[in-house]
Amino acid sequence: MTSSHETATPGKPTANSMRRALKRASNGVSLDVGEAAVLLQARGNDLADLVSTAGRVRDAGLEAAGRPGVITYSRKVFIPITRLCRDKCHYCTFATVPGKLRRAGHGMFLSPDEILEIARRGAELGCKEALFTLGDRPEDRWPEAREWLDAHGYDDTLAYVRAMSVRVLEETGLLPHLNPGVMSWTDLQRLKPVAPSMGMMLETTATRLWSEPGGPHYGSPDKDPAVRLRVLEDAGRSNVPFTTGILIGIGETYEERAESLFAIRKVAREYHGVQEVIVQNFRAKPDTAMRGMPDAELDELAAAIAVARVVLGPAARIQAPPNLVDAEYALMLEAGIDDWGGVSPLTPDHVNPERPWPQIDELARRTAESGFSLRERLTIYPEYVRRGEPWLDPRLLPHVTALADPETGLAREDAVVEGRPWQEPDEVFVATGRTDLHRTVDTTGRTGDRRSDFDDAYGDWDAVREKSAAVGVPERLDGDVRTALAQASDDPAKLTDDQALTLFHADGAALDALTRIADDIRRDTVGDEVTYVVTRNINFTNVCYTGCRFCAFAQRRTDADAYTLSLSQVADRAEQAWEVGATEVCMQGGIHPDLPGTAYFDIARAVKESVPGMHVHAFSPMEVVNGATRTGMSIREWLAAAKEAGLDSIPGTAAEILDDEVRWILTKGKLPTATWVEVIKTAHELGLRSSSTMMYGHVDQPHHWLAHLRLLAEIQQETGGFTEFVTLPFIHTNAPIYLAGVARPGPTMRDNRAVTAMARLLLHGHIPNIQTSWVKLGADGAAEMLRSGANDLGGTLMEETISRMAGSSYGSHRSIRELEGIAEAAGRPARQRTTTYGQVPAERIATGLASDGHLPELLPLAEAGPSAPHAGHAATAPSSE
Ligand code: SF4
């Protein structure tokens, strides 16, 4: 045993510091890490004092939750789907090696039959939870695991977990709770529809226990505390009810233990997604590197539980596993737990096999002795059952509803546990809601409105404010403008980062000089023609729970302005657009929770079937990931299938700013930068071209713009798939992040000119077309951008809703003549183009000119409701720039 294994005991706290901390806890004053560390050492009378405070906090919380005196547990079976793991934690007996499994006659993974047999027997015994426990990504370390997955047709372990979760739901009715270790943001999306809850112990935030040789987590890539905290955050962003916790006594100091609790509190507050916190004590096991280390004392555990309760507050659900507390049930209850976790009448605790679970009757008796009653809960906590969307995927709703008491959200005593189909919700693609928002949104008093769940839907605004203060520090610059301008004019490819930043800040005469240079480069690169496309926007639904904080388009399905188009309405709109000369439809929508991942294919197909010549430009990277994760396909497979269905190119929206720090401020749950890049590159590789975008002028700074443009140039260098770069000034008026006082009120005209000019310079040699947005800047603003390096005006749009709902007052469509008028105002000729900047067939041009690209009037909508033709297949998708 090395010193890093020992529970370090820094100098005992003084009687005074203990007294002070106890008093503050008792008075409900919020503690700091130092005080919490002191309280973690409370013993004897001090501990009695502490647990009594903690017990009061818990009681108040249960009272507020409407279940005073109720301690919960979940009746479960334990499914150790694989005991192979790429990590090597020194205390672990769960993980094993392929040789041992083979010698014992076991496969590398439990087979589907073995899994279902466990689940079925559990269902017979009244269990409602199937706890899937497994090692972290075993295929990365063990070729045998990779071979097993290949032989059985699974891309990775999580694909197998997903498939088995569906079978357990369908064949037994048990609700999966998944503990697959570290998951990426994408993993969380693909598992969310098959499991009402997931979990991963944080264990500790003490990095040294992971990074220093001899530490219990040394050599275990998934035990880096920063990685684990990122998983907690991603789960919160993805609205996954998530279980986490700390493991005490593995060598962390009291200070580090306290820090771990504060880290959990921070994530819980920010995203409201931590459904329970487990406080688990280390128990030494034979055959492990830490076998000689003393078990954490139960007094130590009680103090940790009590401090967790005081730090995390009354609303937290705190659990101690009953098989690890010896006979000290009463002490743990006193200390403030309100849950005993999963208890199995069937399977052993495979992580602590030497410690059997108590019988449930025994647990009830012990709980009653302390004056509480024991009630069964589901794996998803009652608070999340009652909150429903977006915490509960619609595909799991029937399974959870069948087992949940409608009053309390706890388990129903008379529930029948039986398999139910796991499928897309019925009647989801029915046309619903207003579909005239492009016309009436500004006149119906909506402007300036906030959603009633403003303080909840976007996470915690204080946390967002704090993060934004950190990224929004204005840069100090002492660069030489003249040299930078000279370099820009000479060879923009050689602009250094410092020079580029200097130019991003240019103003007055320097800005005029910069835009002149950009304008010259524009002329040399693409000539004088100002291009535009005759296109129609079709935003097939605005129902979305992603929680982007800049988005005023997204609605809950119950909101007055929520709508969804049916497939026939989408097709009719495409047809109508064709009649007035369109060559393209641009289709994006919200991430509707009912949306099947294949609906996007139906949308593309519907348009192509109805108007074969129409270019389908659709589905932002967020929608692509949504489609892929919902179908369980890879991004590549999904894009290939979408192409097959009629998709021609994708918008490079959902990019916002390609910097995760800024993205997580702007959006609660949107895809991370790396995933955006993956989608775009994969699309390009498959021959699906895309635009590229940047939304700026909120909490960002010029160095973010620089990095964003450099990244786009790099991608283009590799794939050549971008058709254009589109500047998207942030529309602040109705944006939640502005209403909450976090974001700036959009970019200034100076910013717009500088960004347009710098895009021209920094993308020179990579992306020839720079598009400006009349929707966001108006005709005069767009004309100014045409003089600052832009050469494209985007499209006629015909029916723009997204910016309009955000508060843009520049209308929802422009006629061909109006677009040509903008070009003329900039002193340049205009040319209609295709999506990919090619020549438009003469027939299309003539049709467009005859109608001026104007819809005579919007199509009368099909009757909303199930009787609408083709209803039952409407569509949805995301991203709202
Ligand atoms: S930007 Fe798109 S994904 Fe984000 S909330 Fe709005 S509609 Fe949903």
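What counts, and where the lines are drawn
- Residues numbered from 1 in each chain as written.
- Predicted model: local features only at pLDDT ≥ 70, side-chain atom pairs only at ≥ 80, totals over all residues.
- Heavy atoms only, no water.
- Core = buried A, V, L, I, M, F, W, Y, C linked by side-chain atoms within 4.5 Å.
- Buried < 20%, exposed > 50% of the residue type's maximum accessible area, 1.4 Å probe, protein only.
- Contact = heavy atoms within 4.5 Å.
- Helix = DSSP H or I, 4+ residues; strand = E, 2+ residues; numbered from the N terminus.
- Lys, Arg positive; Asp, Glu negative; His and termini not counted.
- Salt bridge = Lys/Arg side-chain N within 4 Å of Asp/Glu carboxyl O.
- Polar contact = N/O pair within 3.5 Å; in protein donor to acceptor, adjacent residues only side chain to side chain.
- Axes fitted to C-alpha atoms, helices over the stretch in contact; angles between N-to-C directions.
- Parallel < 35°, antiparallel > 145°, perpendicular 65-115°, else oblique.
- Nonpolar A, V, L, I, M, F, W, Y, C, P; charged D, E, K, R; others polar.
- Phe/Tyr/Trp six-rings, centres within 6.5 Å; stacked < 30°, edge-to-face > 60°.
- Lys NZ or Arg CZ within 6 Å of the ring centre and 35° of its normal.
- Patch = residues over 30% accessible without salt bridge, like charges linked within 9 Å, V, L, I, M, F, W, Y side chains within 5 Å.
- Areas by Shrake-Rupley, 256 points an atom, 1.4 Å probe, with all protein chains shown as cover.
- Charge placed at Lys NZ, Arg CZ, Asp CG, Glu CD.
- Arc of directions from axis to C-beta.

Asks: What am I meant to see in the nonpolar core here?
Replies: Nonpolar side chains in soluble globular proteins tend to be buried together. By size, the foremost hydrophobic cluster in this structure holds 136 residues, and its most contacted members are Met 587, Phe 619, Trp 676 and Ile 737. Trp 676 has contacts with Pro 621, Gly 652, Thr 653, Ala 654, Ala 655, Leu 658, Leu 671, Leu 712, Ile 715 and Phe 722, leaving out every residue within four places of it along the chain. Judged by nonpolar contacts, the second largest core, of 124 residues, contains Ile 118, Trp 142, Leu 175 and Phe 262.

Asks: Please explain the side chain of Asp 87 as it appears in this structure.
Replies: Tracing the backbone through its elements, the reader meets Asp 87 in the loop between β1 (70-82) and α4 (98-103). In this structure Asp 87 is buried but unpaired, with Arg 86 as the nearest side chain of opposite charge at 4.6 Å. A polar atom in the side chain of Asp 87 sits 3.2 Å from the backbone nitrogen of Asp 222.

Asks: I keep staring at the packing of helix α20 (residues 481-490) against helix α22 (residues 508-526) and nothing clicks. Help me out?
Replies: Working note: a packed helix pair is described by the angle between its axes plus the distance between those axes. Running from N to C, α20 and α22 point in directions that differ by 10°, and their axes come no closer than 10 Å. Between α20 and α22, the crossing angle belongs to the class labelled roughly parallel. From α20, Val 481, Leu 485, Ala 488 and Ser 489 reach across to α22, where they touch Ala 510, Ala 513, Leu 514, Ile 517 and Ile 521. Classifying every residue of the contact of α20 with α22 by side-chain character gives eight nonpolar, one polar and no charged.

Asks: Explain the packing of aromatic side chains here, please?
Replies: Note on aromatic pairs: each is described by the distance of the centres and the angle between the planes. A complete count under the given rule lists 16 aromatic pairs for this structure. An angle of 75° between the planes, with centres 5.8 Å apart, marks the rings of Tyr 696 and Trp 705 as edge-to-face. A residue is classified by how much of its surface remains accessible, and Tyr 696, at 0% relative accessible area, is buried. Cluster of aromatic residues (ring-pair linked, three or more members): Phe 540, Tyr 600, Phe 601, Phe 619 and Trp 638. The ring of Trp 664 carries the charged tip of Arg 237 above its face, separated from the ring centre by 3.5 Å. In this structure, Arg 833 packs its charged tip against the face of Tyr 837, placed 3.9 Å from the ring centre.

Asks: Teacher, can you tell me more about a negative patch on the surface here?
Replies: A surface patch of like charges, here negative, comprises Asp 113, Glu 114, Glu 117 and Glu 124. By the element assignment, Glu 124 lies in helix α5 (residues 112-124). The exposure class assigned to Glu 124 is exposed, which follows from its relative accessible area of 66%.

Asks: Could you clarify how one ought to interpret the pattern of salt bridges in this entry?
Replies: Side-chain pairing between opposite charges can occur once the charged atoms of the two side chains come close. Summed over all chains, the structure comprises 61 salt bridges. Its salt-bridge partner being Arg 317, residue Glu 383 comes within 3.2 Å of it at the nearest N-O pair. Taken as a pair, Glu 383 in helix α15 (residues 382-387) and Arg 317 in the loop between α12 (298-312) and β7 (318-319) lie far apart in primary sequence, 66 residues in all. Note that Arg 375 and Glu 413 form a salt bridge whose closest N and O atoms lie 3.6 Å from each other. Residue Arg 375 is found in strand β9 (residues 373-376), and its partner Glu 413 is found in the loop between α16 (397-403) and β10 (432-433); the two are separated by 38 residues along the sequence. A single network of salt bridges, built from pairs that share partners, joins Arg 230, Glu 233, Asp 234, Arg 237, Glu 270 and Lys 467.

Asks: Please explain helix α19 (residues 461-471) as it appears in this structure.
Replies: Residues spaced three or four apart along an α-helix point in a common direction, a consequence of the helix completing one turn every 3.6 residues. Regarding α19, the residues found buried are Trp 461, Ala 463, Val 464, Ser 468 and Val 471. Down the axis of α19, the sector holding all buried residues measures 155°, keeping them to one side. In this structure, α19 carries Asp 462, Glu 466, Ala 469 and Ala 470 as exposed residues pointing more than 90 degrees from its buried face. At its buried positions, α19 is contacted by α11 (254-271), α18 (454-457), α27 (660-666), α29 (702-719) and α30 (736-739). Among the residues of α19, the N-terminal cap falls to Asp 460, whose side-chain oxygen and the backbone nitrogen of Asp 462 are separated by 3.3 Å.

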